[in-house]
Amino acid sequence: MSRRRKFHLYLTIVTFSTGFLVATSFETNKITRKERMHDQLFQQETQLNDRILAEKEQNRHLENQLLDLQRQVGKVEEAMAERKSEAAETLSQLGAARMLAGVVAVEGPGIVITMQDSQNAANSADIANYIVHEQDVRLVVNELRAAGAEAISINGQRVVSNSEIRCIGPTIIVNGIKSAAPFVVTAIGNPDTLDSALNLPGGVLHSLQDFVQISVAKKERVELPAFVGDAKTKHS
């Protein structure tokens, strides 16, 4: 074989080998890049999964905190509602006590009883039997109290626990204030209940109506003044 042909043969082998090496290197680099990309994707996926797990754990922690806070708020709301209820009950009791003590003016549904001397008093041999006495007024007041009256007044004078009803001649003194007939007894309470109590057979009105004039009126609204004076001291 000539030198020239040998040269061409060697050149062909070298060229083929170089091409093969280049192709192999290219494929190797391509595979390497794919492996690197795969590794990067795997790492990114792993990191993402780790973040998801961490956030799930954080969310679970926050949910537990939220539940704890909701329970605490619920307890506070229950305590506030209980205190509010207790305060409302206390205010209600205070209002009722003030009404019973007569220290505040009050209004509401009720009844008005007007008591006057009998028209036959002047022609009677015994006038005392036909005029209104303090015991007559006291009977009416006691019957109203027994029937559940919340507040009572006599001729504008609020009747409290220590109020004393006294008679001097044709006049009656309540809370140290003197007044003459007609005597108007006003009471706050259920009008039907108070009226029924006064009109019981053999009751107060039946026992008095033959001697004095008595009229009863049920009212949707009456007003009673506050007590003026010292509720600790009986009036003499």
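Residues numbered from 1 in each chain as written. Predicted model: local features only at pLDDT ≥ 70, side-chain atom pairs only at ≥ 80, totals over all residues. Heavy atoms only, no water.

Topic: the nonpolar core
For step 1, the next point in the chain: Among the nonpolar cores identified, the biggest contains 24 residues, and Ile-113, Val-137, Val-140, Leu-144, Ile-152, Ile-154 and Val-185 are the most heavily contacted of them.
For step 2, the next point in the chain: Elements with a contribution of two residues or more to this core: strand S1 (106–117), helix H2 (134–146), strand S2 (151–154), strand S5 (171–174), strand S7 (183–188), helix H3 (191–198) and helix H4 (204–208).
For step 3, the next point in the chain: Top element by residues in this core is H2. It accounts for 4 residues.
For step 4, the next point in the chain: Those residues within four positions of Ile-154 in sequence are excluded, and the remaining contacts are Val-137, Val-141, Val-159, Ile-165, Val-174, Val-184 and Val-185.
For step 5, the next point in the chain: Membership of the second largest hydrophobic core comes to 6 residues, among which are Val-112, Ala-151, Ile-188 and Val-222. (Core = buried A, V, L, I, M, F, W, Y, C linked by side-chain atoms within 4.5 Å. Buried < 20%, exposed > 50% of the residue type's maximum accessible area, 1.4 Å probe, protein only. Helix = DSSP H or I, 4+ residues; strand = E, 2+ residues; numbered from the N terminus. Contact = heavy atoms within 4.5 Å.)

A look at unusual backbone geometry
For step 1, the next point in the chain: The step from Ala-181 to Pro-182 runs through a cis peptide bond, and the omega angle for that step is 5 degrees.
For step 2, the next point in the chain: Residue position: Pro-182 is located in the loop between strand S6 (177–180) and S7.
For step 3, the next point in the chain: Here Asn-155, not a glycine, exhibits a phi torsion of approximately 50 degrees, which is positive.
For step 4, the next point in the chain: Relative to the assigned elements, Asn-155 resides in the loop between S2 and strand S3 (157–159).
For step 5, the next point in the chain: Of note, the phi angle at Asn-175 is positive, near 55 degrees, even though the residue is not glycine.
For step 6, the next point in the chain: The class of Asn-175 is buried, set by a relative accessible area of 5%.

Looking at the sheet that holds S5
For step 1, the next point in the chain: The strand order across the open sheet built from 3 strands is S4-S5-S6, with neighbouring strands paired in antiparallel fashion. Edge positions in the sheet fall to strand S4 (165–168) and S6, since each has one partner strand and no second. Across the sheet, the mean angle from the axis of one strand to that of its neighbour is 30 degrees, orientation sign disregarded.
For step 2, the next point in the chain: Contacts from H2 reach S4 and S5 within the one sheet, and its direction differs from that of S4 by about 160 degrees. (Pairing = 2+ DSSP bridges. Axes fitted to C-alpha atoms, helices over the stretch in contact; angles between N-to-C directions.)

Considering the confidence of the model for the chain
For step 1, the next point in the chain: Summing up the model confidence of the chain, the mean pLDDT is 80 and the portion of residues at 70 or higher is 75%.
For step 2, the next point in the chain: Under a pLDDT of 50 for its full length, residues 231–236 has, in the predicted model, 14 contacts with residues more than four places off or in other chains. (pLDDT = per-residue confidence, 0-100.)

Comments concerning H2
For step 1, the next point in the chain: Spanning 13 residues, H2 covers 18 Å between terminal C-alpha atoms, matching the ideal 18 Å at 1.5 Å per step.
For step 2, the next point in the chain: All buried positions along H2 are accounted for by Glu-134, Asp-136, Val-137, Val-140, Val-141 and Leu-144. For H2, the buried positions fall inside an angular range of 165 degrees around the axis, keeping them on one side.
For step 3, the next point in the chain: At the exit of H2 stands Gly-148, carrying a positive phi of roughly 100 degrees. (Expected span 1.5 Å × (residues − 1). Arc of directions from axis to C-beta.)

A word on H3
For step 1, the next point in the chain: Turning to H3, its buried residues number three or more, namely Pro-191, Leu-194, Asp-195, Ala-197 and Leu-198. The arc that holds every buried residue of H3, seen down its axis, measures 160 degrees, which confines them to one face.
For step 2, the next point in the chain: The inward-facing, buried residues of H3 abut S1, H2, S7, H4 and strand S8 (212–224).
For step 3, the next point in the chain: One side-chain oxygen of the residue at the start of H3 lies 3.0 Å from the amide nitrogen of Asp-192, identifying that residue as Asn-190. (Polar contact = N/O pair within 3.5 Å; in protein donor to acceptor, adjacent residues only side chain to side chain.)

Looking at the sheet that holds S1
For step 1, the next point in the chain: Within the open sheet, the 5 strands sit side by side as S3-S2-S7-S1-S8. Their pairing is antiparallel. A strand with exactly one partner marks an edge of an open sheet, and here the two such strands are S3 and S8. When the angles between neighbouring strand axes are averaged without regard to direction, this sheet yields 25 degrees.
For step 2, the next point in the chain: Relative to the sheet, H3 contacts S1, S7 and S8, its axis offset from that of S1 by approximately 25 degrees.

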